[in-house]
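Here's the letter readout for the chains.
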Amino acid sequence: MLQTNLEHIESEEQLKELIENNEKAAVCCGRMGPMCIPVYDIFEILQEKYPDTQFRDMDFDIPAAAVIKGLPQCRGFFGLPFTIYYRNGKLVKATSSIQTAKQVKSVIDEVFA
Amino acid sequence: MQKYDVIIIGAGPAGLAAAIYTARAALSTLVIDESSAGGQVKTTDQVANYPGFAEPVAGHELAGNMRKQAEKYAAELKLAADITDLHLSDQEKWVELDNEDKYTAKFVIIATGSSPRLLNIPGEQEYKGGGVSYCATCDAEFYKDKDIFVIGGGNSAMEESLLLLQFVKSITVIHQFDELQAEKITADKVTTNPKVNILWSHEPRAFYKKENKMTVEAENLKTNKRIRLERDGIFIFVGLVPNSAFLKNTPIQLTKYGYVITDPQMETNIKGVYAAGDIRDKKHRQITIAVGDGTIAALEIIHKI
């Protein structure tokens, strides 16, 4: 279980519901590790700045994370966390490893504008 | 323009320690950080040398507690906020953020710390997380029974290598000197491991990727000849750089390496502007020292206000 203040995705159904019912959604899939925690923190901060975007996290080691790990866009990813952005039900961006606040904001401004 | 008694730029241990002191002294305190709170501590797996914790404490937990403590005393934090303009002079100090809000204060503490140094070579950014990594704790298991490169020969490179050796089949260390800079006890543990070989006096010039294999093009610094070697992944640990780029158009005096010069009271060459933590020019950089720097800067301000 991730110790963050974000809402967690804990099942495939929750992920499906998030993607289908929200125009803009971002999921950070990782562990409580040094490269992941800063991205969760940034998501928490950006929730206020981007109220129309849903920010979630997901434990990399739960069975449901297989959906993220198996994405074609994540093939060749060798760095946690895997951060996935969905718009209108479609995956529009995936990043691997730690991202700065500036990088996350840049992706959001690019794919959710 | 909103007025504060103190603006602290940087929410790592130095900035948060200063904020705890100034806020407890009832000074209106604004802390600004381009990222989340905690600085480098939040990306440290375990901290074992911070007094008061008999057992190692997770870096993110220590950072989180520092933030909570600062907020408890009413320090105001603006996080994930980029500084778009900055004016620092003896008479006037103000900061403008990316949301166009402007803040002014009589005192400013610069506590922006340092960040892992990048090699800035072709392929590094492109393959980050896809063959290029900066964290053994996070990514070692992706390389179980694989052959990897470690770039660097300092303490962090060797400590991270020891962790990587629990997972990987082999490590090729690429180091620019003829000897390792790490502490001997750690370096010896790595160099005597049969899974390790070292490419001395070489520096990477480019990274390439073909399918899931990474190639390093490395230059021999003595002969200038370049070679290409292929492995499964690359881990980079080549030290730190000060986060002082935002000061380049200010009158703040920096060393040639970009660190801020201060007097023993942490004051810079600009009256009322202080620097604390890893951004400051000094010999040793530790969390405890950063906290001490922040405390000194805060106490100086409290006594002057």
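In this numbering scheme, every chain counts its residues from 1 along its sequence in written order. Chains and ligands are labelled sequentially in the order written, the chains with letters from A and the ligands with numbers from 1. Since the coordinates come from a predicted model, pLDDT governs what is reported: local features require at least 70, and pairs of side-chain atoms require 80 or more to be given and counted, while whole-chain, interface and lining totals use all residues.

(A) Fine view of the interface of chain A and chain B. Residue pairs qualify as contacts under a 7 Å threshold applied to their C-beta atoms, which are placed from the backbone. Listed as interface residues are 20 residues of chain A and, on the opposing side, 24 residues of chain B. Looking at the side of chain A that touches chain B, the elements with two or more residues in it are helix 2 (37-49) and helix 4 (101-111) of chain A. By the criteria applied, helices consist of DSSP H or I runs no shorter than four residues and strands consist of E runs no shorter than two, each listed in order from the N terminus. Per-element accounting of the side of chain A that touches chain B gives the leading share, six residues, to helix 2 of chain A.

(B) Expanded view of the sheet that holds strand 5 (residues 90-96) of chain A. Residue and element names in this part refer to chain A. In this analysis, strands are considered paired if DSSP registers two or more bridges between them. Ordered in space as 1-3-2-4-5, the five strands form an open sheet in which the pairing is mixed. Strands at the two margins of the open sheet, each flanked by one partner only, are strand 1 (7-9) and strand 5. Going across the sheet, the axis of each strand differs from the next one's by a mean of 30 degrees, ignoring polarity. Relative to strand 3 (residues 54-59), strand 1 runs parallel, the two being bridged by three bridges. Along strand 3, the bridge assignment pairs I9 with M58. The axes are straight lines fitted to the C-alpha atoms, using for helices just the contacting stretch, and the angles between their N-to-C directions are given from 0 to 180°.

(C) Representation of helix 2 of chain A within the structure. Take the number of residues in a helix, subtract one, and multiply by 1.5 Å to get its expected span. For helix 2 of chain A, built from 13 residues, the straight-helix expectation of 18 Å at 1.5 Å per residue is met to within 8% by its first-to-last C-alpha distance of 19 Å. Buried residues of helix 2 of chain A: I37, P38, V39, Y40, D41, I42, F43, I45 and L46 of chain A, and no others. For helix 2 of chain A, the secondary structure elements touched by its buried residues are strand 2 (24-30), strand 3, strand 4 (82-87) and helix 4 of chain A together with helix 2 (59-72) of chain B. Here a residue counts as buried when 20 or more other C-beta atoms fall within 10 Å of its C-beta, as exposed when 12 or fewer do, and as partly exposed in between; the C-beta atoms come from the backbone.

(D) Just the nonpolar core, in detail. All names here are of chain B. By convention the nonpolar core is taken to be a set of buried residues drawn from Ala, Val, Leu, Ile, Met, Phe, Trp, Tyr and Cys and joined through C-beta atoms within 7 Å. I7, A18, I109, I110, V150, I234 and A276 are the most contacted members of the largest nonpolar core, which totals 116 residues. Domains are outlined according to an automatic or database domain assignment. Residue-level mapping places this core at the junction of two domains, with at least three residues from each of domain 1 (2-116 + 240-304) and domain 2 (132-236). Beyond its immediate chain neighbours, meaning those up to four positions away, V150 contacts A157, S161, L164, I171, V173, F235 and F237.

(E) Spatial organisation of the sheet that holds strand 15 (residues 213-220) of chain B. All names here are of chain B. With respect to topology, three strands assemble into an open sheet ordered 14-15-16, the strand pairing being antiparallel. Strand pairing shows two members of the sheet lacking a second neighbour, strand 14 (202-210) and strand 16 (226-231), which therefore form its edges. Going from strand to strand, the sheet's axes swing by 25 degrees on average, the running direction of each strand aside. Here six bridges tie strand 15 to strand 16, and the two strands are oriented antiparallel to one another. What sits directly across from V216, in strand 16, is L229.

(F) Layout of helix 1 (residues 13-24) of chain B. All names here are of chain B. With 12 residues, helix 1 should reach 16 Å at 1.5 Å per residue; the first-to-last C-alpha distance of 16 Å fits that figure. Of all 12 residues that make up helix 1, 11 are buried, and the element is covered over most of its length. Considered for burial, the residues of helix 1 that qualify are P13, A14, G15, L16, A17, A18, A19, I20, Y21, T22 and A23. Backbone geometry just downstream of helix 1 places A26 in the positive-phi region, at approximately 70 degrees.

(G) Molecular detail of the environment of T104 of chain B. Residue and element names in this part refer to chain B. Looking at the element boundaries, T104 is found in strand 8 (residues 102-110). Judged by C-beta crowding, with 16 C-beta atoms within 10 Å, T104 ranks as partly exposed. As for T104 and F237, which are separated by 133 residues in sequence, their C-alpha atoms are 38 Å apart.

(H) Region of interest: the environment of A70 of chain B. Residue and element names in this part refer to chain B. Within the fold, A70 resides in helix 2. When the C-alpha atoms of A70 and A17 are compared, they prove to be 7.6 Å apart, with 53 residues separating the residues in sequence. Apart from residues lying up to four places away in sequence, A70 is in contact with L16, A19, I20, A23, V31 and A75.

(I) Representation of the pairing of strand 1 (residues 2-9) of chain B. Residues and elements named next belong to chain B. Both strand 1 and strand 8 contribute to a ladder of seven bridges, which runs parallel. Paired with I8 across the strands is I109, a residue of strand 8. By convention, orient the strands away from the viewer: a clockwise path from the first strand over the helix to the second makes the crossover right-handed. Handedness of the β-α-β unit built from strand 1, helix 1 and strand 2 (residues 29-32) comes out right-handed.

Interpretation in functional terms is not warranted from these geometric data alone.
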